[in-house]
Structure formats: structure tokens, C-alpha cells
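Commentary on secondary and tertiary structure
Here is what each chain is made of, one letter per residue.
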Amino acid sequence: MNQTRRNVLKAGGGASLFALLAGTGMMLPDAAFAADWNQKAFEAKNLKDAFDALGAGSRLNSADIVMTAPEIAENGAVVPIGAVSKLPGTESISILVANNPTALAASFDIPAGTEPAVSTRIKLAETSEVHVLVKAQGKYYVTKKEIKVTIGGCGG
Amino acid sequence: MADPMRIRAVAKDGAVIVKILMSHEMETGQRKDGAGKAIPAHFIQQVSATWQGKVVLSATWGTAISKNPFLEFSFKGGQKGEKIQVTWTDNKGDKRTDEATIN
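Remember, predicted model here, so these are calculated numbers, not experimental data.

Thresholds, definitions, all that
Residues numbered from 1 in each chain as written. Chains lettered and ligands numbered in written order. Predicted model: local features only at pLDDT ≥ 70, side-chain atom pairs only at ≥ 80, totals over all residues. Helix = DSSP H or I, 4+ residues; strand = E, 2+ residues; numbered from the N terminus. Buried ≥ 20, exposed ≤ 12 C-beta atoms within 10 Å, placed from the backbone. Contact = placed C-beta atoms within 7 Å. pLDDT = per-residue confidence, 0-100.

Notes on the overall build of chain B
When helices and strands are tallied, chain B shows zero helices and seven strands. Counted from the first residue to the last, chain B has its helices and strands arranged as β-β-β-β-β-β-β. Overall size of chain B, expressed as C-alpha extent along the three principal axes, is 55 × 20 × 20 Å. Per-residue burial for chain B yields a buried fraction of 37% across its 103 residues. For chain B, long-range pairs separated by at least 24 residues make up 55% of all intrachain contacts whose partners lie at least 6 apart in sequence.

See the structure below:
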């Protein structure tokens, strides 16, 4: 048994050094962009396809995700969205808009030491449910809220 | 080409709150110009913030982020006087990096 372990260590030595260097960003100046742009997810036309492309085909509703957003947005072009995850081990936070031409608006990778909380401003094509998807300890959790977009700019 | 970002980073209670305002059209590719021709999409796809060489936030964005994007987040450990760098890259390959000092 020990012999096998030795061999694995020997064989793996070179590869793990490489992984270590790549992981610390020493080898690639552009390694800061740890997250690749997920083309399939960003081009998904509906929620289900976007969730699937993110690997979140199955997900649980969670009250530990807090979304801060207006009930009514007078201007669909600028809708402030805040997302806070209270789930331990939060790895990423994504914002999806059900009725937009493409559902996925943004994904944020949360490294250790960074608060699992982001705020940004998004566009809503029309009144829509907005979903916040959190990946925590390898599992997916979601919460949603409907935001009404008023048309005509009267602020009704 | 693109205008500089406005970055504010404030140390408070052991964490640094970072607020970023970027200057970008964030064109969705859905709109048409006066002649009925589609305006091609032009938007920021990747954003990354680093502090002391460590990535403190990385994001990927679609076209639904508002024009002149705003982003706020916070991370633990930063001290007054240290620097943070923020870089974005858009779908046409344009790139911009700006730096701010933590207050």
C-alpha cells in the first residue's frame, strides 16, 4: 500500500508543482481572470438553459440569500441589485433575469476573505423575476423576487 | 480609449469596502440604429480586483449590466495606504486597469 502511495507521489510531484505555480498566478500574468467567460451560460435565452449551463440544474430555495432590489423600477435600464449570501462556504453569486433576452446578467466569484456580498446595477427589459443563485460548498441555492418595470416614465 | 474608472476603497472595521464606477457603453446588441441596423454588442465581460497580488473579486458579466457599470464589494485584511487594482476586459478585447489607494 505504501509502495503505491510513493509511486503516486513521485509521479504527481511535477504536476502538482505546476498546479501550485499556476494557482498562485506566478506563471500567467493574466491569471487574475480566474473566471472564464461562460459563453453558453451568457447566451442562454431562458432561465432553465442558463441554470443548466452554470451547472445549477438542481438547486434549493434558500432564505439565507438576501436580495436587495426595488419592488418597482421606474427605469429598467438601471436597476440596483444587491445580493448577500449567509450560506457558509459561498463560492459564487450569480444574478439572472427571467424575462431578459439572455437570462444571465452576472456571475461573481467570491474568494476566501471576500464578503459574500455584491451590489451592482442591471437592465431589465420588462417586469421580471430576478434570481440570485449562490454556489456554496459545491451546492446551488437560489432566491427570487419580482421587479416591476413601469413604462412611460411617469413613475406610476 | 475608455475613460478611467472611479474607484473608492475605504478601510472600516477590518474590511475594505470597494466601490467602482466604470465608463462603458454596455451595448446589448439588441438595439437598432436610426436606419434599422442592429448596433453590435459591446460590453464588459470580465472584471477582476486584486490587492497585494491576490484576487479579491472576479466577475463575468453579460449584456444586462447597466451602462457605466457600478460594482460594490468588500474584502477582509486591507490596510489604509495599500493599493488595489481593478481590470476589465470587454468583448472587443479592450482592456483597462486602474489603481486606487485604500483610505
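A word on the confidence of the model for chain B
Here chain B shows a mean pLDDT of 95. Residues at 70 or above account for 99%. Both scores are available for the predicted complex, with the pTM at 0.84 and the ipTM at 0.94.

Things to note about the environment of A:Ile147
Residues and elements named next belong to chain A. You can see Ile-147 is positioned in strand E9 (residues 139-149). The spacing of Ile-147 and Asp-109 is 38 residues in sequence and 25 Å in space, taken between C-alpha atoms. Filtering out sequence-adjacent residues up to four positions away, Ile-147 remains in contact with Ala-69, Pro-70, Glu-71, Ala-73, Val-79, Leu-124, Thr-127, Ser-128 and Val-130.

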